[in-house]
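Residue-level listing of the chains:
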Amino acid sequence: MPDVAVLIVEGLFGLLFVTSLWTAIRHRSRLAWDVALVFLPIAALLVIQLIGAVAGPVPQWLRSASTVLLLAQPVFSLKLVSDLRGVPRWILWAAIAGFVLTAAPLALLGSGAGTLATIAAVAVFFVTEGVAAAYLALEARRRSSSARMRLAIAALATAGLALAILLAGAAAAASVPTEVSSFLVRAVALLAAIGYAIAFLPPRWLRELFQATEAFRYNERLLASPASALPDELWSDLAAAARHLTGASVVVLELDGAAVRAVASDGVTLDEPTIELATGAAGGSAGLTDEAVRAIATEVAARTGLPFVRPVPIVRDGVRVGLVCLLRAHASLFDADDAALVSSLAARSANLVQRREALATQERLAGQLHLTVEALEAASAAKSDFLASMSHELRTPLNAIIGFSELMIAEAGTSDRVTVPREWVDHIRNGGTHLVALINDVLDLAKVEAGRLELAKYPIDLAHAVSESVAGLRPLADRKGQRIAVSVEPQLIEADPGRLRQVLYNLLSNAIKYTPDGGSIEVTGARDGANVRIAVSDTGIGISPEDQEHVFEEFRQVGDQAGHVAGTGLGLALTRRLVEAHGGRIELASEVGVGSVFTVALPTGSAHPGHEAAADTEARAPGGRARVLVIEDDPSSVRLLQAYLGESGYGVTVAPNGERGLELALADPPAAILLDILLPGIDGWEVLRRLKQDPTVRDVPVVIVTVVDERSVGLALGAVDYFVKPIERDALIARLDRHTFTTKVRTRAVRVLAIDDDPAALAMIDATLS
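As the structure is a prediction and not an experimental result, all values here were calculated from the model.

A.B. asks: Explain a nonpolar patch on the surface here, please?
C.D. replies: Side chains of Phe126, Val127, Leu163 and Leu166 sit close together on the surface and give an oily, nonpolar patch of about 300 Å² of accessible area. Elements represented by at least two residues in the nonpolar patch include exactly helix 6 (115-142) and helix 7 (145-174). Looking at where Leu166 falls in the secondary structure, it is placed in helix 7.

Set out below in structure tokens:
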């Protein structure tokens, strides 16, 4: 083999020596000095060869010195291994003794030492180098990944160097031809040199390949971790991976204010997981400072008893947020590469931990929001339940107030005075009526909020509904000298008549209330596509832009507090809820000092004209029997009821709509009224309400006969009985006979049983019926 092979071998060892020497000088690392000593002997051969090429023959003493240095190489290798994993001291001393005993004759006698001395020196070299190679192989088994491969290659290279020396000595002793022995020796030596170069001085691309491969595998494990994994679990995975890859014990510390806290460990534990930092050592938002890193490494070494600590910063967004401490009882041969690899893994873990913490925070806030929503819903339900339960408690005394005030008004007296001044009685009655209206508003709002508002939608005439509402409130406007103009196109819409009147009443009463004396109010209504738009405009005080968004809030009155008029702030809030319950919306346009326009947009629905109205007919029974007023628009139903009543001896008067029915009832009060709910114009609910408000006919029993199954509503509004079509003749006549007292009234007194737990209510009932 040409001499170029020798130059390559010696050049590689020389490069390894220079690199190790530079590392030892720069980092003051004892391990780096030991590595440099391993490569020094063969590098020295290169220097001697260069000296010989430049200065001529090399002195014998220099050749002897280089030989002794070469024989010391196994001792240097064994010393390096003892720093890595610990070697029994007797082995190290035996290696030193063997070197001294075999190298001394060669150093003193040179070539005159004889073949036996050479063989002995080669044998000691081979055994010592073999022991070092074996220990390197054992260390490789403790490691994983690139560190295992590099240590294994170093072990093979050490064994190869031992084999090269053994071959050279054997060839010299056995007189093997020079060319053959030289080729074998140089080939093995070249392979050993290449192996050392790969193990101790791998190219950058190879080191990056090692790191990228491990980082990719670790990244896959991170991505495969369950989404429910907590940050501490992710840090534990990092500690386990770092221990597996580096062979070191691992402690993971996370910055927590003015201290670092051990969040995971593998192979070692800290009795006290928190390490307090000196003032300013945390570096504020800049994370851990260099001073803090050194102080933490020293403290961790003291607490664990492991002297070799390599702190690897955990960097997130350019800030040191923690440390991964690699702890060993012995120095690491590839400490820098291990630190670079662990740093890469730690950065990935830190980013994932940050995302998981953000997700956990989001889930925690979502949980808190859910609990808050549940609490608010529970509070709202409790409020609604409270209002519902309080309605009875409030209505009981109000019933007494109103009832007794009416009795006091009905008492006989002189002029306008009874037992007490009539004005006082009026105050009692008006106050009670006001409280009833207030309670009704509150209960309606609670019912809407609880989702229990039921709308009874029927086709109604919008113009008629508006006219009725305006007519009911016009006296209030007249007192203030206000003018009300109405311009509503005739239009059928499908809506709950009572609720629609409530909406119109609230808007009109507010317009009257907040418009000064002499002002004007206008109500317009027209179709707009699939909707009907009803606008109530006034020339009142107006609403400022900042208050317009609050005007529909419950119990909220906006504007100047000094200018407020009496009210609860529920009217507009309830109005908006009722409009929205119909599938519509309410809009507001207002300017301070100019006036306001409230516009209600309601869907027309499937409204269509009802049955052809029945003719207004009247048939009186012979002999003055009791007369029944039938308010019904369906001709077939009218004929059926006429037949039932006529056969039973009742006189019958028929009204085809609610307005006509009210006229007939007030003109000549009947003995009883049969009332349908679905009527053209005003519906049966409104007819019933007006009947019960008029003193002339309030005591006339009203029996509802309809297809609408709302018995509880009808009875609550004052009906004495309720039939859902189709009806049974006998049942209807029996109920009618009972309610009209057609037989009992003329023969004997009627006894009524009153059941109530309120003494005041019983007293009122007794006085009224007596």
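A.B. asks: What is the right way to read the sheet that holds strand 5 (residues 319-328) from this model?
C.D. replies: The strand order across the open sheet built from five strands is 3-2-1-5-4, with neighbouring strands paired in antiparallel fashion. Of all strands in the sheet, those bounded by a partner on one side alone are strand 3 (274-276) and strand 4 (308-316). Between one strand axis and the next, the sheet turns through 25 degrees on average, direction left out of account. Note: strand 1 (residues 249-256) against strand 2 (residues 259-266), seven bridges, orientation antiparallel. Of the residues in strand 2, the one forming a bridge with Asp256 is Ala259. Of the strands in this sheet, strand 1, strand 2, strand 3, strand 4 and strand 5 are in contact with helix 11 (residues 290-304), which crosses strand 5 at around 35 degrees.

A.B. asks: How should I be thinking about the packing of helix 5 (residues 89-109) against helix 6 in this particular structure?
C.D. replies: The relative placement of two packed helices comes down to the angle between their axes together with the axis-to-axis distance. Contact geometry of helix 5 with helix 6 gives a least axis separation of 9 Å together with a crossing angle of 155 degrees. On the basis of the axis angle, helix 5 is roughly antiparallel to helix 6. Once helix 5 is placed against helix 6, the crossing between them reads as left-handed. Facing helix 5, whose interface residues are Ile91, Ala95, Gly98, Phe99, Thr102, Pro105 and Leu106, helix 6 presents Ala117, Thr118, Ala120, Ala121, Val124, Thr128, Val131 and Tyr135. Residue composition of the contact of helix 5 with helix 6, grouped by class: eleven nonpolar, four polar and no charged.

A.B. asks: I keep staring at the sheet that holds strand 7 (residues 483-488) and nothing clicks. Help me out?
C.D. replies: Paired through their backbone hydrogen bonds, the strands of a sheet run either parallel or antiparallel. The strand order across the open sheet formed by five strands is 7-9-10-12-11, and the pairing between neighbours is mixed. Lying at the two open borders of the sheet, with one neighbouring strand each, are strand 7 and strand 11 (585-591). Each strand of the sheet is rotated relative to its neighbour by a mean of 10 degrees, with strand direction disregarded. Relative to strand 12 (residues 595-603), strand 10 (residues 531-538) runs antiparallel, the two being bridged by seven bridges. When the sheet's bridge partners are listed, Arg533 is paired in strand 12 with Ala601. Along the sheet, helix 14 (residues 462-479) makes contact with strand 7, strand 9 (520-528) and strand 10, crossing strand 7 at roughly 180 degrees.

A.B. asks: Please explain the packing of helix 19 (residues 658-667) against helix 20 (residues 684-693) as it appears in this structure.
C.D. replies: At a minimum axis separation of 10 Å, helix 19 and helix 20 run at an interaxial angle of 20 degrees. Taken together, the axes of helix 19 and helix 20 lie roughly parallel to each other. Like other packed secondary-structure pairs, helix 19 and helix 20 cross with a definite hand, here right-handed. Two secondary-structure elements touch here, helix 19 through Gly658, Leu662 and Ala665 and helix 20 through Val687, Arg690 and Leu691. In the contact of helix 19 with helix 20, the residues fall into four nonpolar, one polar and one charged.

A.B. asks: Just to check I follow, could you spell out the environment of Asp633 for this structure?
C.D. replies: Topologically, Asp633 is positioned in the loop between strand 14 (627-631) and helix 18 (635-647). Assessed through its relative accessible area of 5%, Asp633 is described here as buried. In sequence terms Asp633 and Asp676 are 43 residues apart; their C-alpha atoms lie 8.0 Å from each other.

A.B. asks: Sorry, what's going on with the pattern of salt bridges here?
C.D. replies: Note that side chains of opposite charge can pair when their charged atoms are close. Counted by the stated rule, this structure contains 21 salt bridges. Among the ionic pairs, Glu686 bridges to Arg501, the shortest N-O distance being 3.0 Å. Here Arg501 lies in helix 15 (residues 497-514) and Glu686 lies in helix 20, a separation of 185 residues in the sequence. By the burial criterion, Glu686 is buried, and Arg501 matches it. Put simply, Arg735 and Asp721 hold a salt bridge, and the shortest N to O gap is 2.8 Å. Here Arg735 is found in helix 22 (residues 729-740), whereas its partner Asp721 is found in strand 18 (residues 721-724), with 14 residues between them in sequence. For Asp721, a relative accessible area of 2% gives the class buried. Through salt bridges with shared partners, one network takes in Glu468, Arg501, Asp683, Glu686, Arg689 and Arg690.

Conventions we followed
Residues numbered from 1 in each chain as written. Predicted model: local features only at pLDDT ≥ 70, side-chain atom pairs only at ≥ 80, totals over all residues. Heavy atoms only, no water. Patch = residues over 30% accessible without salt bridge, like charges linked within 9 Å, V, L, I, M, F, W, Y side chains within 5 Å. Areas by Shrake-Rupley, 256 points an atom, 1.4 Å probe, with all protein chains shown as cover. Salt bridge = Lys/Arg side-chain N within 4 Å of Asp/Glu carboxyl O. Helix = DSSP H or I, 4+ residues; strand = E, 2+ residues; numbered from the N terminus. Pairing = 2+ DSSP bridges. Axes fitted to C-alpha atoms, helices over the stretch in contact; angles between N-to-C directions. Contact = heavy atoms within 4.5 Å. Parallel < 35°, antiparallel > 145°, perpendicular 65-115°, else oblique. Left-handed = near helix turned anticlockwise from the far one by under 90°. Nonpolar A, V, L, I, M, F, W, Y, C, P; charged D, E, K, R; others polar. Buried < 20%, exposed > 50% of the residue type's maximum accessible area, 1.4 Å probe, protein only.

Limitation: the analysis is restricted to geometry and does not speak to function.
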